[in-house]
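Chain by chain, the residues run as shown.
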Amino acid sequence: MIFGFEPGIFIFLLVAGFIGGIWNSIAGAATLFTFPVLIMAGLPPVVANATNFLALLPANAAALPAYVKELKEVGRNAILSMILASGLGAILGSYLLIYTGEALFVFVVPYLILAATLLFAFGDQIRNFMLNGRFSALASGTIGPLILMGLFSIYGGYFGAGLGIILLAIVQIMGYSNFLIANSLKNLLATTFTIISIVIFGVNGLIHWPAAIIMMTASTCGGYLGGRLSKYVNAQYLRIFVITFGLGLSFYYIFFK
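Residues numbered from 1 in each chain as written. Predicted model: local features only at pLDDT ≥ 70, side-chain atom pairs only at ≥ 80, totals over all residues. Heavy atoms only, no water.

1. Here we look at the overall build of the protein chain
Secondary structure summary: the protein chain contains 13 helices and 0 strands in total. Starting at the N terminus and ending at the C terminus, the protein chain contains elements arranged as α-α-α-α-α-α-α-α-α-α-α-α-α. Against the globule reference of 18 Å for 257 residues, the protein chain gives a C-alpha radius of gyration of 18 Å, in line with a compact fold. Considering only C-alpha atoms, the protein chain reaches an extent of 55 × 45 × 35 Å along its principal axes. In the protein chain, which comprises 257 residues, the proportion classed as buried is 51%. For the protein chain, long-range pairs separated by at least 24 residues make up 80% of all intrachain contacts whose partners lie at least 6 apart in sequence. Per element, the accessible surface of the protein chain, about 12,300 Å² overall, is 71% carbon and sulfur. A gap of 9 Å separates the mean positions of the 10 positive and 5 negative side-chain charges of the protein chain. (Helix = DSSP H or I, 4+ residues; strand = E, 2+ residues; numbered from the N terminus. Rg over C-alpha atoms; globule rule 2.2 N^0.38 Å. Buried < 20%, exposed > 50% of the residue type's maximum accessible area, 1.4 Å probe, protein only. Contact = heavy atoms within 4.5 Å. Areas by Shrake-Rupley, 256 points an atom, 1.4 Å probe, with all protein chains shown as cover. Lys, Arg positive; Asp, Glu negative; His and termini not counted. Charge placed at Lys NZ, Arg CZ, Asp CG, Glu CD.)

Spelled out as structure tokens, the structure:
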């Protein structure tokens, strides 16, 4: 036994985490791959979901040091208000997962995977819709976007895959049109609500720590390699594969599980 797993399962998790790290750094949406792998390794769905938050934490956090300059431009007060809004949403979403139980989560998993896939597939269109027309007018000012951020972060605390696309649009609605600044805020918010959810899940005993450590270590290494490979891999082909994989996975869970 290695970390409580049979050698074959240990290697399976290690390889999956490594591939997930590469996947996330090049195309994103690695949850579509790593979450089902944790279930295949024998973890109950709710535990697999909670464990996946920790397993992919480095993917969100690793980019932050590169954005120190951009975050300083935003200012402490603005950042704290966004962290508060997304953090409250993450707390609600995490406790929603805990108190609604496994039966409901198992029922909605196929639709969560499908939603995450569609967010990934139509991310640009969704962001453009949110930034233009009536939606942008409704969400103008500061309070409106912060409320939106909190509401969408409930989904982030519950499952979370694909939320980065929505967060990116919301911070741009708030006036941070420079993409580097918007992306820095998206990465910061994704990291903070992930940490909040990890603490809540950990306190409530939902994280399988050995599996999380195995996949987190491997995903960190994979993310580093993926950053180097990204210049040589056709991201469009990988994007098509991710969308096809996500759609196939969601339909499999809807019709055959």
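2. Let's talk about a nonpolar patch on the surface
Residues Ile-11, Val-15, Phe-18, Ile-19 and Leu-225 make up a contiguous nonpolar surface patch of roughly 380 Å² in combined accessible area. Among the elements that take part in the nonpolar patch, helix α1 (residues 7-26) stands out by supplying 4 residues, more than any other. Mapped onto the fold, Val-15 is located in helix α1. (Patch = residues over 30% accessible without salt bridge, like charges linked within 9 Å, V, L, I, M, F, W, Y side chains within 5 Å. Salt bridge = Lys/Arg side-chain N within 4 Å of Asp/Glu carboxyl O.)

3. Quick notes on the pattern of salt bridges
Applying the stated criterion across every chain, the model contains 1 salt bridge. In this structure, Lys-69 engages Glu-73 in a salt bridge whose closest nitrogen and oxygen atoms are separated by 3.0 Å. Note that Lys-69 and Glu-73 are positioned in helix α5 (residues 68-74) at a spacing of 4 residues, about one turn of the helix. Accessibility assignment for this pair places Lys-69 and Glu-73 in one class, exposed.

4. Things to note about helix α6 (residues 76-121)
Its 46 residues place the ends of α6 only 33 Å apart at the C-alpha level, less than the 68 Å of an ideal helix rising 1.5 Å per residue. At Gly-101, α6 shows its largest kink, close to 110 degrees. (Expected span 1.5 Å × (residues − 1). Bend = angle between axes of the 7 residues up to and from the residue.)

5. Let's talk about the packing of aromatic side chains
Enumeration according to the criterion identifies 10 aromatic pairs in this entry. The interplanar angle of 65 degrees and the centroid separation of 5.7 Å between the aromatic rings of Phe-105 and Tyr-158 together place this pair among those described as edge-to-face. Here the residue Phe-105 occupies a position in helix α6, and Tyr-158 occupies one in helix α9 (residues 143-158), the gap between them amounting to 53 residues. Each member of the pair Phe-105 and Tyr-158 is classed as buried. Chaining the aromatic ring pairs together yields one cluster made of Phe-35, Phe-105, Tyr-155, Tyr-158 and Phe-159. (Phe/Tyr/Trp six-rings, centres within 6.5 Å; stacked < 30°, edge-to-face > 60°.)

6. Re the packing of α6 against helix α7 (residues 123-131)
Relative orientation of the contacting elements α6 and α7 amounts to 75 degrees, with a least axis distance of 4 Å. On the basis of their axis angle, the class for α6 and α7 is roughly perpendicular. For the pair α6 and α7, contact is made by Leu-118, Leu-119, Phe-120 and Ala-121 and by Gly-123, Gln-125 and Ile-126, respectively. Tallied by class, the residues present in the contact of α6 with α7 amount to 5 nonpolar, 2 polar and no charged. (Axes fitted to C-alpha atoms, helices over the stretch in contact; angles between N-to-C directions. Parallel < 35°, antiparallel > 145°, perpendicular 65-115°, else oblique. Nonpolar A, V, L, I, M, F, W, Y, C, P; charged D, E, K, R; others polar.)

7. Brief notes about the side chain of Thr-191
When you line up the elements, Thr-191 lands in helix α11 (residues 179-203). With a relative accessible area of 5%, Thr-191 lands in the buried category. Engagement of the side chain of Thr-191 in a polar contact is seen with the backbone oxygen of Asn-187, the distance being 2.8 Å. (Polar contact = N/O pair within 3.5 Å; in protein donor to acceptor, adjacent residues only side chain to side chain.)

8. Details of the packing of helix α3 (residues 45-55) against α6
Remark: α3 packs on α6, axes separated minimally by 9 Å, with the N-to-C direction vectors making an angle of 120 degrees. Between α3 and α6, the angle is such that the two are oblique. In this structure, α3 uses Pro-45, Val-46 and Asn-49 to contact α6, whose residues at the interface are Leu-97, Gly-101, Glu-102, Phe-105 and Val-106. Looking at the contact of α3 with α6 residue by residue, the class counts come to 5 nonpolar, 2 polar and 1 charged.

9. Describing the environment of Asn-128
Checked against the element boundaries, Asn-128 lands in helix α7. Separated by 71 residues in sequence, Asn-128 and Leu-57 place their C-alpha atoms 28 Å apart.

10. Points about the environment of Ile-214
Tracing the backbone shows Ile-214 in helix α12 (residues 209-229). Classification of Ile-214 by relative accessible area gives buried; the value is 3%. A C-alpha to C-alpha distance of 13 Å links Ile-214 and Val-37, two positions 177 residues apart in sequence. Dropping the residues within four chain positions of it, Ile-214 is found in contact with Phe-3, Phe-5, Phe-10, Leu-13 and Leu-14.

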